[in-house]
Amino acid sequence: MARALALVAALAQLRAADAAAAVHVEARPSPIYSTVTQKLRLKGNGFGAAGTGEHLNLQFVPTMPKTDYKVQVLSDDALAINLVAGKSWPLASDEGTDLYLSSLIDDRKGNMNQLESPTVIARVIPTPTVMHGGEKVIYMTGTTRFNINGTGFRAKTMELIFDPPLEKDVDYMLNTRSSTHMQLMLRSGRKWRSDGEPGPLKLRRIDTGAGDLRIDAKYGGVTVAEVQVDLGAHGVTVESAADHKLYQGDPELTVRGSGFNNTISLNTLKWGNSLRGKGVNYTITKASGSALTLSLKPGSVWRSNPANLPGPLKLLAVNAGVGLVPVGPTEAKKGRTVATIFEDPAITANPQQTVYQTHTHELWVTGRGFTRGAYGTKLDFDPPLQVGIDYVMMVFNRTHLLISLLDGRKWAPNTGILRVVGVDTGAGAFKRFQPVAVAHVASDADDHPSGLTVARTASQILYQTAAIRKLEIQGSSFCQGPSLTFQPPLTDGVDYSITRATSEKLSLTLKSHKKWRYEAGPLYLTSIQCGSDAPVELAYGQGIVVATVLADPTIEASERKIYATHTKRLIVQGSGFSLDGTELTLRPTSRSSYEVESVEMAEMVLILKEGKSWAPAKTKDDGKPVSIYVTKIDTGAGEVVMEDDGAIVARVFPDPSGAVCDDSCEWALDGVCDDGSAGEDREVFDDDYGGVYGDDDDYYGGDGDDYYGDGDDDDD
């Protein structure tokens, strides 16, 4: 009897197992792209009635989080797995990964695995990407091969669709050397552009096994090379020379390259601005196959509109006798930069401006062509003054700069005229500069008979209101309760109080809610009075600088969207930033993760270092955005701690899966790769009026090719 009962129980368990294993899924090893294939359809039976599929729990190998997909039952024999936006199918190898469905549990039928057996449901392959190669020049038939770089390339299944059309194995042979590198080899008698015209060769679609993918559809495909006519009578190349710096009116420019005509009159150049040859703006005075020498006509300039300078001088095309040949990407009309042009600098004479040998702190110099940042302005004086030793200089714009005398130094050892005798704004010493008188140096006022003196302490830096430091006035023969007169005016007991007084030092403390100055600038002490004695005027009443007051720095709150590593630049806006240097303390971003690229009075640009992230890994594991705060700021007078948690300046989102481009333009942030291609709706301007021709950042790279070489140095 006991044996019979055991047998019945065993049969019941088998029937229960058969009932649980009621779902069959057909094997489907077909390829899908890891990020762009949005739906995976499964065939089989036992899925149940059509519906949302919320009652189904699936498990995969490799593991796929439930938050990455949604399940939809189409019918009893069809099931759809929909990828959530921004997520990807699991990919364990660049070669591809088999995705298995290992378990399917229908909550309505119990908690046991009802899948008949683990089944491969897809072959996940990397989504291919292609790098822009618009700076790469190849020749119609003379270049026998060139490279295309990207990711996700697969040797066995690779189909490309070009514009103009090229047919694989008819026009070219394809050799996929790695997942990031493929090489195209031209077949004998064929051309890289089937229409025979020079221009961009675009890759419109790519198929690595899971179907055609459009590449950069907004611009009609990604440009993988610029095709030019073959070298010889039609072929001209020009070398880029952005580091060749000239002033607007410098008399001579040399353009280097190959394919120029040795006969001067047979060379014609087309520029990115309104520059014209044949004696209108310049004349070609020397010509060889590798160089042209251009002489500027007196009164003309290489580039006009100083507001856009320094800037590149772009050569777009060259006619060496048989028609214009583009010398750079024809689509974006970038051309080649043959020089960087600077405005001709000039200094405005001002001999009536008086400075006292040590008592005067600042000297304004006006003119034109002043530069700062990447280039900077250098001045030579007579009598000599050395920057960093005798003075510091701040350039505010192209027409105004301020020279501040350092403590303990003199404008000149003797009285007389102070002249600027040389200037360099980035293109070397300006050879046509003539000495200019910028000030008359006068003797300091004599010391008062009482022995009272005040030392110039312009290096004492204070914020307008932040009570980080006291104001200390140094000198000699001070009395215990002096009456001080400042410019701009300050009142004892209202704006400040004297907290300590000795014969050599006075310490002043700012009152709450008061300011040392209502605008940033030097604070002058113009007179001191002791008791009923007459006030002692300082520096003939002009006053002596006892502190430099900086504007209270502020940070403008912003929740701009950036990506953890794909966004390369973060703009922080506010007020009171110092052009001489401003430091921020961010949370959670470490200082070692970024550099300060530029500082304006109301804007700072931070650039992310290679291999770094705006948000540490431990703060972004859950996929939620991470806020970046500025907690401290120092513009020169000490650290100012921001209120509460600090000022939010950005929200960091995880990098979008599969993206390989930089979308860091602050005006965009639209998820579109800023690859710099020019479309039909993209405007093109004269370089001198409105900027250069689509001069985007060269984010994408590419292997360069020899003019008639293979363009690939690897051993075959």
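Residues numbered from 1 in each chain as written. Predicted model: local features only at pLDDT ≥ 70, side-chain atom pairs only at ≥ 80, totals over all residues. Heavy atoms only, no water.

Participant: Can you tell me about the overall build of the protein chain, naming the residues and giving the values?
Facilitator: Looking only at helices and strands, one finds one helix and 52 strands in the protein chain. Residues classed as buried in the protein chain amount to 45% of the 716 residues present. A separation of at least 24 residues holds for 67% of the contacts in the protein chain among residues at least 6 apart in sequence. About 34,500 Å² of surface is accessible on the protein chain, with carbon and sulfur atoms providing 49% of the total. (Helix = DSSP H or I, 4+ residues; strand = E, 2+ residues; numbered from the N terminus. Buried < 20%, exposed > 50% of the residue type's maximum accessible area, 1.4 Å probe, protein only. Contact = heavy atoms within 4.5 Å. Areas by Shrake-Rupley, 256 points an atom, 1.4 Å probe, with all protein chains shown as cover.)

Participant: Let's hear about empty space enclosed by the protein: which residues, and what values?
Facilitator: For the structure on display, the rule yields two cavities of 30 Å³ or more. Approximately 30 Å³ is the volume found for the second largest cavity. Glu556, Ser558, Arg560, Ile571, Val572, Gln573 and Val649 are the residues that line the second largest cavity. When residues of the lining of the second largest cavity are assigned to their parent elements, the largest contribution, three residues, is made by strand 46 (residues 569–575). By residue class, the composition of the lining of the second largest cavity is three nonpolar, two polar and two charged. (1 Å grid on protein atoms, 1.4 Å probe; cavity = no way out; pocket = protein on both sides within 12 Å on 5 of 7 lines; lining within 4 Å. Points joined across faces, edges and corners; volume = space filled by probe spheres on them. Nonpolar A, V, L, I, M, F, W, Y, C, P; charged D, E, K, R; others polar.)

Participant: Could you give an account of the state of the cysteines, with specific residues and numbers?
Facilitator: Summed over all chains, the structure comprises one disulfide. Disulfide pairing places Cys479 opposite Cys530 at an S-S distance of 2.2 Å. As the torsion about the S-S bond is roughly -95°, the Cys479-Cys530 disulfide counts as left-handed. One end of the pair, Cys479, is in the loop between strand 37 (471–476) and strand 38 (483–487); the other, Cys530, is in the loop between strand 41 (521–529) and strand 42 (536–537), and 51 residues separate them in sequence. (Disulfide = S-S within 2.5 Å.)

Participant: Provide a residue-level description of the pattern of salt bridges, including the pertinent values.
Facilitator: Counting across every chain of the model gives 17 salt bridges. In this structure, Asp68 engages Lys87 in a salt bridge whose closest nitrogen and oxygen atoms are separated by 4.0 Å. Taken together, the residues span a long stretch of sequence, with Asp68 in the loop between strand 4 (56–61) and strand 5 (69–75) and Lys87 in the loop between strand 6 (78–83) and strand 7 (97–106) at a distance of 19 residues. Between Arg591 and Glu583 there is a salt bridge, with the nearest N and O atoms lying 3.0 Å from each other. Taking the relative accessible area as the measure of exposure, Arg591 reaches 34% and is therefore partly exposed. Since its relative accessible area comes to 38%, Glu583 is described here as partly exposed. Residues participating in the shared-partner salt-bridge network are Asp250, Asp344 and Arg432. (Salt bridge = Lys/Arg side-chain N within 4 Å of Asp/Glu carboxyl O.)

Participant: Just give me the short version of the sheet that holds strand 34 (residues 436–442), but keep the residues and values in it.
Facilitator: Taken together, the four strands give an open sheet; going across it, the order is 28-34-33-30, and neighbouring strands pair in mixed fashion. Edge positions in the sheet fall to strand 28 (354–356) and strand 30 (378–382), since each has one partner strand and no second. Averaged over all pairs of adjacent strands, the angle between strand axes in this sheet comes to 35°, irrespective of strand direction. Pairing geometry for strand 28 and strand 34, over three bridges, is parallel. (Pairing = 2+ DSSP bridges. Axes fitted to C-alpha atoms, helices over the stretch in contact; angles between N-to-C directions.)

Participant: Requested: an account of the environment of Ile607, with residues and values cited.
Facilitator: Among the structural elements, Ile607 can be located in strand 49 (residues 603–608). Residue class for Ile607 comes out partly exposed when judged on its relative accessible area of 24%. Sequence separation between Ile607 and Val596 is eleven residues, and the spatial gap between their C-alpha atoms is 6.3 Å. Setting aside residues up to four positions removed in sequence, Ile607 forms contacts with Lys568, Arg569, Ser593, Tyr594, Glu595, Glu597 and Trp614.

Participant: Just give me the short version of the pairing of strand 48 (residues 594–599), but keep the residues and values in it.
Facilitator: One ladder, built from five bridges, connects strand 48 with strand 49; its direction is antiparallel. Considered in strand 49, the bridge of Ser598 is made with Val605. Where strand 48 folds back on strand 49, the antiparallel hairpin that results is connected by three residues.

Participant: Break down the sheet that holds strand 46 for me, with residues and values.
Facilitator: Spatial ordering of the open sheet is given by 44-46-49-48, a layout of four strands whose pairing is antiparallel. The open sheet has two edge strands, strand 44 (554–555) and strand 48, and neither has a second partner. Sheet topology places strand 44 next to strand 46; two bridges connect them, and they run antiparallel. By the bridge assignment for strand 46, Ile555 is matched with Gly574.

Participant: Run through the environment of Val423, naming residues and quoting values.
Facilitator: Here Val423 lies in strand 33 (residues 416–424). Val423 gets classed as buried once you look at its relative accessible area, which sits at 5%. Once residues lying within four places of it in the same chain are set aside, the contact partners of Val423 are Tyr247, Pro345, Thr377, Lys378, Leu379, Gly428, Ala429, Phe430 and Phe433.

Participant: Describe the packing of aromatic side chains, naming the residues involved and giving the relevant values.
Facilitator: Within the structure shown, the criterion is met by 13 aromatic pairs. Both rings, one in Tyr247 and one in Phe430, keep their centres 5.0 Å apart while their planes meet at 75°; by these two values the pair is edge-to-face. A residue pair is termed long-range when its members are at least 10 positions apart, and Tyr247 in strand 19 (residues 245–247) and Phe430 in the loop between strand 33 and strand 34 qualify at 183 residues. The exposure class of Phe430 is buried, given its relative accessible area of 9%. Among the aromatic residues, ring-to-ring pairing joins Tyr247, Phe342, Tyr375 and Phe430 into one connected group. Its end group placed over the ring of Phe653, Lys561 keeps NZ or CZ at 5.1 Å from the ring centre. (Phe/Tyr/Trp six-rings, centres within 6.5 Å; stacked < 30°, edge-to-face > 60°. Lys NZ or Arg CZ within 6 Å of the ring centre and 35° of its normal.)

Participant: Before we move on, could you go through the pairing of strand 41 and cite the residues and values that matter?
Facilitator: Taking burial as the measure, the nine residues of strand 41 include eight buried ones, the bulk of the element. With five bridges connecting them, strand 41 and strand 43 (residues 544–550) associate as antiparallel partners. Paired with Leu523 across the two strands is Ala547, which belongs to strand 43. Of the pairings in the sheet, the one linking strand 41 to strand 42 comprises two bridges and is antiparallel in character. Across the sheet, the residue bridging to Ser527 is Glu537, located in strand 42.

Participant: Pulling in residues and values, what's your account of unusual backbone geometry?
Facilitator: Residue Val61 is joined to Pro62 through a cis peptide bond whose omega torsion reads -5°. For the bond from Leu309 to Pro310, the omega torsion is 0°, close enough to zero to count as cis. Within the element layout of this structure, Pro310 appears in the loop between strand 23 (291–296) and strand 24 (311–319). Residue Asp169 is not a glycine yet carries a positive backbone phi of 70°. Among the secondary structure elements, Asp169 is positioned in the loop between strand 12 (159–163) and strand 13 (172–178). Of note in the backbone geometry, Tyr540 takes a positive phi value of approximately 60° without being a glycine. Among the structural elements, Tyr540 can be located in the loop between strand 42 and strand 43.

Participant: Please set out the nonpolar core residue by residue, giving values where relevant.
Facilitator: Across soluble globular proteins, nonpolar side chains have a tendency to be buried as a group. Ranked by size, the top nonpolar core spans 29 residues in total, and within it Ile555, Leu570, Leu584, Leu606 and Trp614 carry the most contacts. Contributions of two or more residues to this core are made by strand 36 (461–463), strand 46, strand 47 (583–587), strand 48, strand 49, strand 50 (626–634) and strand 52 (647–653). Formed by 28 residues, the second largest nonpolar core is a distinct cluster that contains Tyr247, Leu385, Tyr391 and Trp411. (Core = buried A, V, L, I, M, F, W, Y, C linked by side-chain atoms within 4.5 Å.)

Participant: Break down the confidence of the model for the protein chain for me, with residues and values.
Facilitator: Predicted confidence across the protein chain gives a mean pLDDT of 83, with 85% of residues reaching 70 or more. Low pLDDT (under 50) marks residues 1–20, which in the prediction has three contacts with non-local residues, meaning those over four places away or in another chain. Per-residue pLDDT stays below 50 along residues 689–716; that stretch engages in 83 contacts with residues further than four places along the chain or on separate chains. (pLDDT = per-residue confidence, 0-100.)

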